[in-house]
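In case you want the letters, here they are:
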Amino acid sequence: LQKGIDKNPEFLEKFFRNMLMGEHNELKNRFLHLDFKAENPNIDCKNANINYQNANIEFQRQIANAQKKALLELVRTTKLNATREKSILRIIEKIDMGQVFGASDVMKAAGCKRTAASLILAQMLELKLTEKVIGHGKGKYRFKKYGEEK
């Protein structure tokens, strides 16, 4: 460090917060001057961590939405009868991507009886929209993740 000048990452951190987290920090060249006195030179690490977690959650939501869109598109391009297609589309819309579900959840989402729910689950498994889940009891499934090969 020459002439008492030390590096301060505050400007860069504000820049990246604006870009990645959608914040609106004011960025001006005068903030880079050596004699500039900031009101709060230290960045609150706890707040930065919370913002990072919020950005991570939003990123996970975007991934789940992309996976749902891929599943919806796959169902629309498959040759199914209209009633079954509507039921499967309703199930995909109402059940979260990471959720483990069974026939009772399908009955609620699709508004059908247990026999129809079992047939829908079997067809979704056949179409490779879902996969069986081990360790949650018999007859439990989850949606396959987009791009996941098995």
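Quick note: structure is the one above.
To start, this report covers the structure provided alongside it. (Residues numbered from 1 in each chain as written. Predicted model: local features only at pLDDT ≥ 70, side-chain atom pairs only at ≥ 80, totals over all residues. Heavy atoms only, no water.)

Structural notes on the nonpolar core
Okay, so step 1: If you look at the biggest cluster of nonpolar residues, it comprises 23 residues, and the most contacted ones within it are I88, I91 and F143.
Okay, so step 2: Mapped by element, the contributors of at least two residues to this core are α2 (45–77), α3 (82–94), α4 (103–110), α5 (114–126) and β2 (141–143).
Okay, so step 3: Filtering out sequence-adjacent residues up to four positions away, I91 remains in contact with V106, A109, A110, I120, M124 and F143. (Core = buried A, V, L, I, M, F, W, Y, C linked by side-chain atoms within 4.5 Å. Buried < 20%, exposed > 50% of the residue type's maximum accessible area, 1.4 Å probe, protein only. Helix = DSSP H or I, 4+ residues; strand = E, 2+ residues; numbered from the N terminus. Contact = heavy atoms within 4.5 Å.)

Overview of the packing of α3 against α5
For any two helices packed against each other, the geometry is given by the interaxial angle and the distance between the axes.
Okay, so step 1: Where α3 meets α5, the axes come as close as 11 Å, and the angle between the chain directions of the two elements is 80°. Considered as vectors, α3 and α5 are oriented roughly perpendicular to each other. Residue-level contacts link R84, S87, I88 and I91 of α3 to L119, I120, Q123 and M124 of α5.
Okay, so step 2: In terms of residue class, the contact of α3 with α5 is built from five nonpolar, two polar and one charged. (Axes fitted to C-alpha atoms, helices over the stretch in contact; angles between N-to-C directions. Parallel < 35°, antiparallel > 145°, perpendicular 65-115°, else oblique. Nonpolar A, V, L, I, M, F, W, Y, C, P; charged D, E, K, R; others polar.)

Comments concerning the packing of aromatic side chains
Okay, so step 1: The full count for this structure, using the stated rule, is two aromatic pairs.
Okay, so step 2: With a centroid separation of 5.3 Å and 70° between ring planes, the pair formed by F15 and F16 is classed as edge-to-face.
Okay, so step 3: A ring pair is formed by F101 and F143, whose centres lie 5.0 Å apart and whose planes are at 40°; its orientation type is tilted. In this pair, F101 is assigned in the loop between α3 and α4 and F143 in strand β2, connecting sequence segments 42 residues apart. Both residues of the pair, F101 and F143, belong to the buried class. (Phe/Tyr/Trp six-rings, centres within 6.5 Å; stacked < 30°, edge-to-face > 60°.)

Quick look at the packing of α4 against α5
Okay, so step 1: Following both chains from N to C, one finds α4 and α5 inclined at 105°, their axes separated by 9 Å at the closest point. As the angle between them shows, α4 and α5 are arranged roughly perpendicular. Judged by residue contacts, A103, S104, V106 and M107 of α4 engage R114, A117, I120 and L121 from α5.
Okay, so step 2: Partitioned by chemical class, the residues of the contact of α4 with α5 number six nonpolar, one polar and one charged.

Quick look at helix α1 (residues 10–21)
Okay, so step 1: End to end, α1 covers 15 Å across 12 residues, agreeing with the expected 16 Å (1.5 Å per residue, within 8%).
Okay, so step 2: Within the span of α1, buried status applies to E10, R17 and N18. Within α1, the buried residues cover an arc of 95° as seen down the axis, which keeps them to one side. Away from its buried face by more than 90 degrees, α1 exposes M19 and L20.
Okay, so step 3: Where α1 ends, the next residue or the one after it, G22, has phi of about 75°, a positive value. (Expected span 1.5 Å × (residues − 1). Arc of directions from axis to C-beta.)

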